[in-house]
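Residues per chain, in single letters:
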Amino acid sequence: MSKSKLMQGFSQKEVNELINDYEFTCHTIVTMENIVSYNINGKCSQGKKMRTSANNAIQPNNDVTPDMVIEATHEDDEYHAVNEITVNLPKDESLWIKKAEQLKKYDDELTGWDKTSTKRHDIMLTTNPARTFAFRNYMSKLESEGKLKIERNLAILQSSPMEQSNSFIFIKKEYGQITHPVLDNKLSNGLPVARHNILNEINQMKFFDSNPPIIYTMMIIWDHILKNFLSLKQLRELRGNKIVPIEVTITQVHDLLSKFAPLTNSTCIETSWIKDALTGFVEIGLAEIKSESEGKFEIKFRTNRGKTRHWLFEKIKKPEKIEKPSKTLDEFIPNKENKKDEISKKD
Amino acid sequence: MSSKKDHHYWLYEHKYETVDSFLNYVSGLVRESNVRINLLLVTTMVNLQQELVEWSPDKFSVEIKNNEPVFTAQITKKVDSDKKITVKAVVVKHPIYPAVYMVISDCDSGDFKNLVTKLMNKHYPVVSQIYLTNNEMRLIFDKLQRETNLDITVEFSVGKKRLPGKKKKESQVTYTNQTYLEVFDEIVAHDQWVQSIRYRAETIKIVENLESRTTEFMGVISRTCFFSCKKDFSPLVKIIIPHAIKLASVRNEYLKIRAESASELKPKPAVIKFDDDIFTDISKNQQYVDALVELDSCSVSEYHTNPYIHVSMIDYLDGSSYDIWVLTSDRLAIIPQFKATTASMTRLVNHIFERIHEGEVIEYEQIETNARI
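1. Describing the overall build of chain B
Stage number 1. Each helix and strand in chain B was counted, giving nine helices and 17 strands.
Stage number 2. Projected onto its principal axes, the C-alpha coordinates of chain B cover approximately 75 × 60 × 40 Å.
Stage number 3. In chain B, which comprises 373 residues, the share counted as buried stands at 42%.
Stage number 4. Within chain B, counting contacts between residues at least 6 apart in sequence, those at least 24 apart form 59% of the total.

Structure below.
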């Protein structure tokens, strides 16, 4: 494999942006959970499977998994909503139809709620403030052209970072109606939640049910996971700048990394994400594949003095040793096609 | 008092049945001779004698004589293929704080640092140093002055200026004849951290309108709990050390609880609160992250550095790891992950106090936000 191929398509700037977006999405999910819990004593579930009806316009009689299912008791009845959280909705409107269809998929008599309700559920889309107006117009256009119409209440919310002396996540309803009056009122005014006040939650939830940037997973594995496989004797060997081999399997890493999955969706971290990250270490000469069938890798662990992200970037540019990689680094960076996938997360 | 050879027998060879009998001997030795005693406090959760017997780092060898609670370690370090340096040190288990040991020697202070302190550091994290803050050092001097009723004058202080963004730490040795209060005020005013202070404690008499000063004892107090003394050992062992242990142990206990929570799903955050809103100027965030990176044998992964800070850090010395967050203008939170040692957390917190700003560890609590929207 040629060195130039390794370098192809790699952009540090893009990786940095993807990591920012990924972490911001995690924080937005936690913030929304906090708002629902604090203001209406409701419950949010991630990864909850709902069932569509035979009349579903997009996917009849099928399981769907909205990013967030909201349930709360209100005036002797149940309030229900689903919330799609897509903070990185791309600028290119031609990519939005999948998102519109995804929302339409939820515009149905879904089953799977904890308690039944006499009312229809709401549908929410939470995105960045630069897209709310355009996306509302886009949905109106689909409706006026007779292509797609959402029958239920569709509320479009913005989530944005707000920096003052404290760092906040600010969520505000920009368009549409929420049938829960308290939630509607609160979100119409906009709610800032201090990140410090949800510190334990944002610290715990480092993943949600969308493929993270590989470098992000690699950094977490390097700092928090691999050290669990080292004895004190091996740690002392590291002080002499020695390389200490650590044999790990995808399953072992997965078991530990699951600590960082959402509490209501503890199985959302996919083994393929871990395989990609461990293969990334192979690509840059920090690991070897020991057994493909067993998913076993040998990490050449060593002391890295400095900033790990830069260190990995440097190794991507100039790998220590090239084994036979099963993937190229082109796959580290989602290209346009990957971005399309990103906005149409698995459901 | 007896010759050096004699006092070396009584200091290093003789078997003492109790800690008090050994400390009494040292008190007499210091009072009646010109011997300077060096003393390092270390903390460990294991039997230190056993630890020193069971493992020696590369280039070091240790021979033990006598047994806990007072034993002698003869430490030899190979410096070249044919050159070795040897020093002796008495290791004393503290009679009140069982996790604390006092390592005592009359050797040259350079040899003490290169052999005794280095050996203890090589045993990290099983053995770790105890750190004091600027403020705690000042409190120790307050107590020393109050209890001895002597005048404490600083001969010189070794301080380092916080220079965010600059890798080189600027050490500054300041010779003064000022009171310790004046020296600490200047240190705070110049945003420095104190490494060590050499002082003398004097009685002042006015004879025929002339001030006459007599030095009762002198010594060094350092941030890493290295002490020395001349002329009188009692103030060191009866006032300075107990107070230093007491001050540091409050923070250590706080960090121990956090370290032990590392394996929990939501580990307990250690929150450092600063008096000033030091994180208001977000243009300095990168400098603060760079300062974190400077902690020896660690690496830092940046997830976000502007406007808020979120990094993770691994301490390669013992495999502790953390998430570090700055989400408000006056607080920094450290959250251990999977496993962390008290030694590592103490080292990290001391580093933050040195390189970023001195603060106070507090319980995590939600803040009043008063967001402007």
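Once the structure has been displayed, the description carries forward.
2. Overview of unusual backbone geometry
With the exception of glycine, the majority of residues adopt a negative phi angle, and the majority of peptide bonds are in the trans configuration.
Stage number 1. Y124(B) connects to P125(B) through a cis peptide bond whose omega is 5°.
Stage number 2. In this structure, P125(B) sits in the loop between α4 (109-122) and β6 (127-129).
Stage number 3. Residue N306(B) is joined to P307(B) through a cis peptide bond whose omega torsion reads 10°.
Stage number 4. Within the chain, N41(A) stands out as a residue other than glycine whose phi angle is a positive 55°.
Stage number 5. You can see N41(A) is positioned in the loop between α2 (12-40) and β1 (43-45).

3. Some points on the nonpolar core
Stage number 1. Core analysis: the biggest nonpolar cluster contains 185 residues, and L41(B), V103(B), V116(B) and L292(B) have the highest contact counts within it.
Stage number 2. If you tally residues by element for this core, the top one is α2(A), at ten residues.
Stage number 3. Sequence-distant contacts of V103(B), that is, excluding residues within four places in its chain, are made with L39(B), L40(B), V42(B), A89(B), V91(B), V116(B) and M120(B).

4. Topic: the sheet that holds strand β6 (residues 122-127) of chain A
Residue and element names in this part refer to chain A.
Stage number 1. Strands sit in the order β1-β4-β5-β6-β7-β8-β9 across an open sheet of seven strands; the sheet is mixed. The open sheet has two edge strands, β1 and β9 (191-194), and neither has a second partner. Each adjacent strand pair in this sheet contributes to an overall mean axis angle of 25°, direction not counted.
Stage number 2. Judged from the seven bridges that link them, strand β4 (residues 68-74) and strand β5 (residues 77-86) form a sheet pairing that is antiparallel. By the bridge assignment for β5, A72 is matched with Y79.
Stage number 3. Each of β1, β4, β5, β6, β7 (154-163), β8 (167-175) and β9 touches α2; the most contacted strand, β8, lies at about 75° to it.

5. Considerations on the packing of helix α7 (residues 214-225) of chain A against helix α10 (residues 271-283) of chain A
Residues and elements named next belong to chain A.
Stage number 1. Between α7 and α10, the least distance of the axes is 9 Å, while the angle of their chain directions is 80°. The angle between α7 and α10 places the two elements in the roughly perpendicular class. Judged by residue contacts, I214, T217, M218 and I221 of α7 engage W273, D276, A277, G280 and F281 from α10.
Stage number 2. Here the contact of α7 with α10 is composed, by residue class, of six nonpolar, two polar and one charged.

6. Observations concerning the environment of P235(B)
Residues and elements named next belong to chain B.
Stage number 1. The topology assignment puts P235 in helix α7 (residues 234-260).
Stage number 2. Take P235: there are 20 C-beta atoms within 10 Å of it, and that puts it in the buried class.
Stage number 3. The residues touching P235, leaving out its near neighbours within four places in the chain, are L144, T148, F217 and I240.

7. Structural notes on the confidence of the model for chain B
Stage number 1. For chain B, the average pLDDT comes to 93, and 96% of its residues sit at 70 or higher.
Stage number 2. At the level of chain-chain contacts, confidence expressed as ipTM amounts to 0.90, with global pTM at 0.91.

8. Considering the pairing of strand β13 (residues 298-304) of chain B
Stage number 1. Counted residue by residue, β13(B) has seven buried out of seven residues, so it is predominantly covered.
Stage number 2. Where strand β13 (residues 306-307) of chain A lies against β13(B), two bridges are found, and the strand directions are parallel. Opposite G306(A), over in β13(B), you have S299(B) as the bridge partner.
Stage number 3. Note: β13(B) against strand β14 (residues 309-315) of chain B, six bridges, orientation antiparallel. Directly across from S301(B), in β14(B), lies its bridge partner S312(B).
Stage number 4. In sequence, β13(B) turns back onto β14(B) through a hairpin of four residues.

9. Focus on the domain arrangement of chain B
Stage number 1. Here chain B is partitioned into domain 1 (4-129), domain 2 (134-255) and domain 3 (262-362).
Stage number 2. Placing the centre of domain 1 of chain B and that of domain 3 of chain B at their C-alpha centroids yields a distance of 33 Å.

10. Examining the interface of chain B and chain A
Stage number 1. Across the boundary between the two partners, chain B contributes 42 residues, which contact 37 residues of chain A.
Stage number 2. Where the side of chain B that touches chain A is concerned, the elements lending two or more residues are β13, β14, β15 (320-328) and β16 (331-336) of chain B.
Stage number 3. It is β13(B) that contributes the most residues to the side of chain B that touches chain A, six residues altogether.
Stage number 4. Residue classes in the side of chain B that touches chain A are distributed as 20 nonpolar, 14 polar and eight charged.

11. A closer look at the domain arrangement of chain A
All names here are of chain A.
Stage number 1. Annotation of chain A at the domain level lists domain 1 (16-204) and domain 2 (209-343).
Stage number 2. Relative placement of domain 1 and domain 2: their C-alpha centres are 32 Å apart.
Stage number 3. Counting residues per element, the ones that place at least two in the side of domain 1 that touches domain 2 are α2 and α3 (97-105).
Stage number 4. The element best represented in the side of domain 1 that touches domain 2 is α2, accounting for three residues.
Stage number 5. Its residues placed into classes, the side of domain 1 that touches domain 2 shows six nonpolar, six polar and two charged.

About the criteria used
- Residues numbered from 1 in each chain as written.
- Chains lettered and ligands numbered in written order.
- Predicted model: local features only at pLDDT ≥ 70, side-chain atom pairs only at ≥ 80, totals over all residues.
- Helix = DSSP H or I, 4+ residues; strand = E, 2+ residues; numbered from the N terminus.
- Buried ≥ 20, exposed ≤ 12 C-beta atoms within 10 Å, placed from the backbone.
- Contact = placed C-beta atoms within 7 Å.
- Core = buried A, V, L, I, M, F, W, Y, C linked by C-beta atoms within 7 Å.
- Pairing = 2+ DSSP bridges.
- Axes fitted to C-alpha atoms, helices over the stretch in contact; angles between N-to-C directions.
- Parallel < 35°, antiparallel > 145°, perpendicular 65-115°, else oblique.
- Nonpolar A, V, L, I, M, F, W, Y, C, P; charged D, E, K, R; others polar.
- pLDDT = per-residue confidence, 0-100.
- Domains from an automatic or database assignment.

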